[in-house]
Amino acid sequence: MKTFKNAETQAIRLQYQRTDNNEHSVPLYLTSSYVFEDAEDMRSQFAEEKEGHVYSRYANPNVEELIHKLAALEGAESGWATATGMAAVFSFFGAILNSGDHIVSSRSVFGSTHKLFTEIFPKWGIETTYVDFDDYLGFANAVESNTKIIYVETPSNPALDIIDLEKLAEIAEAKDLILAVDNCFATPYLQQPLKHRAHVSIHSATKYIDGQGRTLGGAILASEKIIDKVKAFARHSGPAISPFNAWTLSKSLETLHVRMDRHCDNAIAIAKRLENHTAVEVVKYPFLPSHPHFEIAKKQMKSGGGIVTFQLKSGLKGGKTFLDALNLFSLTANLGDVRSIATHPASTTHSKLTPEQRAEVGISDGLVRLSIGLEHVEDIWEDLENALDASLSEVSVSNEYLVKS
Ligand SMILES: *Cc1c(COP(=O)(O)O)cnc(C)c1O
């Protein structure tokens, strides 16, 4: 496949080779296996002496196209695609770690990644030490003789913490560790961790890469050396993405830059208006100057992304009132969709934690996470303004309660 200078063109023009039918749009290769020319061809492909397709758990043209595009966008030598984002996270750790190894991770990570670290990996003697995202000395101090990987999410879900990748890369390089980044929130269009000296970029393609809430998918982008290990693990453990989902995601990449530009434009406009609303305590958005790590965000990211979080003055109760008053926004577990989505972590994904545990990962009771979609910004704002006004009734209720008690 050819290469082009700019990412936008790569995402569109890195197509799998045309067949004899001269199709313009890449066809869907729904096949579980491939035929060999003869017995010798079959022998040499099984022996991995000759490149080719054997079985779709190993390789498939649609999957290869998706990997090729993502690697080009991330500036990575190689890559691997998986059925889900979690399959990518798990395959990466599974490929690299042996029993007895150790991970140093930022504390604020995706819920299922947290489950891997705390419930699954300990079964195999793999332990994880959490460090606060901005405690760079803490990262260095947490490294033990058996540490293999430093793992972070930036921006993190849902706290939107921003971590300076070059600072962590220095620690990783000094101790010969792999620095891996969950790049889901930023997408390869807004942030390329490998260009900031990280070794691995991991995606849930389910989010912005699909962008329309249709398919699950995941990817790992890294050096040939790391991906060879991932391949050896994933080919036999079987987290393969279906050709149909890979085809859908590859098509989605063609419009990623246009969609992300609009997600970002809408998100910053909404973030600014939220800052001025009386129902709102504080707003967090990577490209707002009020974000504590605005300077790092500007250094690492092209723009702030589509996720905005804010804290309601009316707390847990106000959060639920706010969600119930929304009309345009969807209440759903996904993000990165063309449709705007609102979630209230304290009453849903993080409801089993105590308020103190939630605070540790940056989630207050009044925290609302918005995934700003591609609807007209005025329609998005009208819906939010109505719901914010509704949440204000809970502020007076909680104040009354405080006075009485
Ligand atoms: C959604 C998500 C994942 C997991 O991806 P799936 O495709 O749902 O398996 C991992 N990391 C982050 C930051 C996510 O938002």
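Bear in mind that the values here come from a model prediction, so they are computed numbers and not experimental data.

As for the overall build of the protein
Regarding its fold elements, the protein presents 15 helices and eleven strands. Computed over C-alpha atoms, the radius of gyration of the protein comes to 22 Å, within 12% of the 22 Å expected from 2.2 N^0.38 for 405 residues, which places it in the range of a compact globule. Within the protein, the fraction of its 405 residues that count as buried is 54%. Of the roughly 18,300 Å² that the protein leaves accessible, carbon and sulfur atoms contribute 51%. Seen as two clouds, the 39 positive and the 52 negative side-chain charges of the protein have centres 1 Å apart.

Thoughts on the domain arrangement of the protein
Along its sequence, the protein is organised into domain 1 (7-253) and domain 2 (256-404). Averaged C-alpha coordinates put domain 1 and domain 2 at centres separated by 29 Å. Each partner contributes residues to the interface: domain 1 has 37 residues there, and domain 2 has 39 residues. Carbon and sulfur atoms supply 62% of the area buried between domain 1 and domain 2, which totals about 3,100 Å² over both sides. Contact with domain 2 buries surface across domain 1, with Tyr189, Leu190 and Tyr208 losing the most and accounting together for 25% of the total. At the junction of domain 1 and domain 2, the tally comes to two salt bridges. Residues Asp164 and Lys299 are paired through a salt bridge, measuring 3.0 Å at the closest nitrogen-oxygen approach.

Points about the site of the ligand
In the vicinity of the ligand, 13 residues are found, and the nearest of them are Gly85, Met86, Asp182, Thr206 and Lys207. Here an oxygen atom of the ligand sits 2.9 Å away from a polar atom, N or O, in the side chain of Ser204. Contacts to the ligand include Thr206, whose side-chain N or O atom sits 2.6 Å from an oxygen atom. A total of 380 Å² of accessible area belongs to the ligand in isolation, and the protein chains cover 91% of it. The residue makeup of the shell around the ligand, split by class, is four nonpolar, six polar and three charged.

Focus: the packing of helix α4 (residues 85-96) against helix α9 (residues 224-237)
Taken N-terminus to C-terminus, the directions of α4 and α9 make an angle of 105 degrees; their axes are 8 Å apart at the nearest point. With respect to α9, the element α4 is oriented roughly perpendicular. Taken together, the residues of α9 that come into contact with α4 (itself represented by Phe90, Ser91, Phe92, Gly94, Ala95 and Ile96) are Ile226, Lys229, Val230, Phe233 and Ala234. Here the contact of α4 with α9 is composed, by residue class, of eight nonpolar, two polar and one charged.

A look at the sheet that holds strand β4 (residues 147-153)
Strand order across the open sheet formed by seven strands is β1-β7-β6-β5-β4-β2-β3, with mixed pairing between neighbours. With one partner strand each, in any of the chains shown, β1 (78-82) and β3 (127-131) form the two edges of the open sheet. Pairwise comparison of adjacent strand axes, ignoring direction, gives a mean angle of 20 degrees for this sheet. By the bridge criterion, three bridges tie strand β5 (residues 178-182) to strand β6 (residues 200-204) in an arrangement that is parallel. Counted as the bridge partner of Asp182 is Ile202 from β6.

Rules used in this analysis
Residues numbered from 1 in each chain as written. Predicted model: local features only at pLDDT ≥ 70, side-chain atom pairs only at ≥ 80, totals over all residues. Heavy atoms only, no water. Helix = DSSP H or I, 4+ residues; strand = E, 2+ residues; numbered from the N terminus. Rg over C-alpha atoms; globule rule 2.2 N^0.38 Å. Buried < 20%, exposed > 50% of the residue type's maximum accessible area, 1.4 Å probe, protein only. Areas by Shrake-Rupley, 256 points an atom, 1.4 Å probe, with all protein chains shown as cover. Lys, Arg positive; Asp, Glu negative; His and termini not counted. Charge placed at Lys NZ, Arg CZ, Asp CG, Glu CD. Domains from an automatic or database assignment. Contact = heavy atoms within 4.5 Å. Buried area = accessible area lost by both parts, 1.4 Å probe. Salt bridge = Lys/Arg side-chain N within 4 Å of Asp/Glu carboxyl O. Near = heavy atom within 4 Å. Polar contact = N/O pair within 3.5 Å; in protein donor to acceptor, adjacent residues only side chain to side chain. Nonpolar A, V, L, I, M, F, W, Y, C, P; charged D, E, K, R; others polar. Axes fitted to C-alpha atoms, helices over the stretch in contact; angles between N-to-C directions. Parallel < 35°, antiparallel > 145°, perpendicular 65-115°, else oblique. Pairing = 2+ DSSP bridges.

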